[in-house]
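What follows is each chain in one-letter form.
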Amino acid sequence: MICDLHRRHFILTAAAGALAGLYAPAAMTQKPAPVRPQVILVLGDSLSAEYGLPRGTGWVALLEKRLAQEEIAATVVNASVSGETTSGGRSRLAALLTQHQPSQVVIELGGNDALRGLPLKNTEENLTWMVQTAQKSGAKVLLVGMQVPPNYGTDYANRFAATFTTVAKARKVGVVPFFLKGVADGPDPTRLFQPDRIHPRAEAHPQMLANVWPELQKLLR
């Protein structure tokens, strides 16, 4: 009788183990959720739209090459338009977010606001709106800052430059304080600019990418 009881116990235990083995792997072998492809949306002005440059020599094109070299799977959408202001970027952003569903948004706008003498308050409000809207879509944001020449007046120049860091800190996003660092602040800055003295030559764009890359890299998977 004792042997029969032991035999029955063994059979029941083995059966239970077999059933557990049938069901356990199903939970353990579930496929992970697919990773959303990285799409970098660049919303900028002529500095990002290759104004006056041979195609493929601007910093955004160089960014695509850098991503490939670093083996970072990401698509770059350059939605930059020459002459664009923060108001123009604001009017286009929602549609771009819907169309491209970016994982990162680089906002390089504001320089034309200064050139046109637009109120700094409007520039700050537009930048804030764009950052917030991009964040709500689920994208990480990088704000690319600009500075103006001293002839605009020290007070205005300082307040304009501070606008980008102010917005970035308030919304807790990355910021490049000066997009043209190493280009416009050198001993002979005109050497790196086209004849209009506003748009950098192709030789300057690797430095412009170098200014953006460290902050953008932080936002990439």
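Keep in mind that this is a model prediction, so the values were computed, not measured.

Thresholds applied
Residues numbered from 1 in each chain as written. Predicted model: local features only at pLDDT ≥ 70, side-chain atom pairs only at ≥ 80, totals over all residues. Heavy atoms only, no water. Salt bridge = Lys/Arg side-chain N within 4 Å of Asp/Glu carboxyl O. Buried < 20%, exposed > 50% of the residue type's maximum accessible area, 1.4 Å probe, protein only. Helix = DSSP H or I, 4+ residues; strand = E, 2+ residues; numbered from the N terminus. Polar contact = N/O pair within 3.5 Å; in protein donor to acceptor, adjacent residues only side chain to side chain. Pairing = 2+ DSSP bridges. Axes fitted to C-alpha atoms, helices over the stretch in contact; angles between N-to-C directions. Right-handed = clockwise from strand over helix to strand, strands pointing away.

Asks: Explain the pattern of salt bridges here, please?
Replies: As enumerated under the stated definition, the model contains 5 salt bridges in all. A salt bridge links glutamate 70 to arginine 66, with the nearest nitrogen and oxygen atoms 3.0 Å apart. With a relative accessible area of 36%, glutamate 70 lands in the partly exposed category. A salt bridge links glutamate 84 to arginine 92; the shortest N-O distance between them is 2.6 Å.

Asks: Is there a simple way to think about the side chain of serine 48 in this case?
Replies: Residue position: serine 48 is located in the loop between β1 (38-44) and α2 (59-69). In terms of polar contacts, serine 48 uses its side chain to reach the side chain of tryptophan 59, at 2.9 Å.

Asks: Sorry if this is basic, but what is going on with the sheet that holds strand β4 (residues 140-144) here?
Replies: Strand pairing within a sheet occurs via backbone hydrogen bonds; the two strands may be parallel or antiparallel. Overall, parallel pairing links the 5 strands, which are arranged β2-β1-β3-β4-β5 in an open sheet. Both outer strands of the open sheet, β2 (74-78) and β5 (174-176), are each paired with one neighbouring strand and no more. Going from strand to strand, the sheet's axes swing by 20 degrees on average, the running direction of each strand aside. Sheet analysis places strand β3 (residues 104-108) next to β4, joined by 4 bridges and oriented parallel. Its bridge partner being in β4, glutamine 104 is matched across the sheet by lysine 140.

Asks: Looking at this model, I keep getting lost on the pairing of β4. Mind explaining?
Replies: Moving residue by residue along a regular strand, the side chains alternate between the two faces of the sheet. Judged by how many residues are buried, β4 sits mostly within the fold: 4 of 5 residues are covered. Here β4 pairs with β5 via 3 bridges, running parallel. Counted as the bridge partner of valine 144 is valine 176 from β5. Once you follow β4 into helix α6 (residues 154-171) and on to β5, the crossover reads as right-handed.

Asks: Any chance you could explain the pairing of β3 here in plain terms?
Replies: For β3, the tally of buried residues reaches 5 of 5 residues, placing the bulk of the element in the interior. Of the two faces of β3, both are covered, the one formed by Gln104, Val106 and Glu108 as well as the one formed by Val105 and Ile107. Here β1 runs beside β3; their pairing, made up of 5 bridges, is parallel. Looking across to β3, one finds that leucine 41 is bridged to valine 105.

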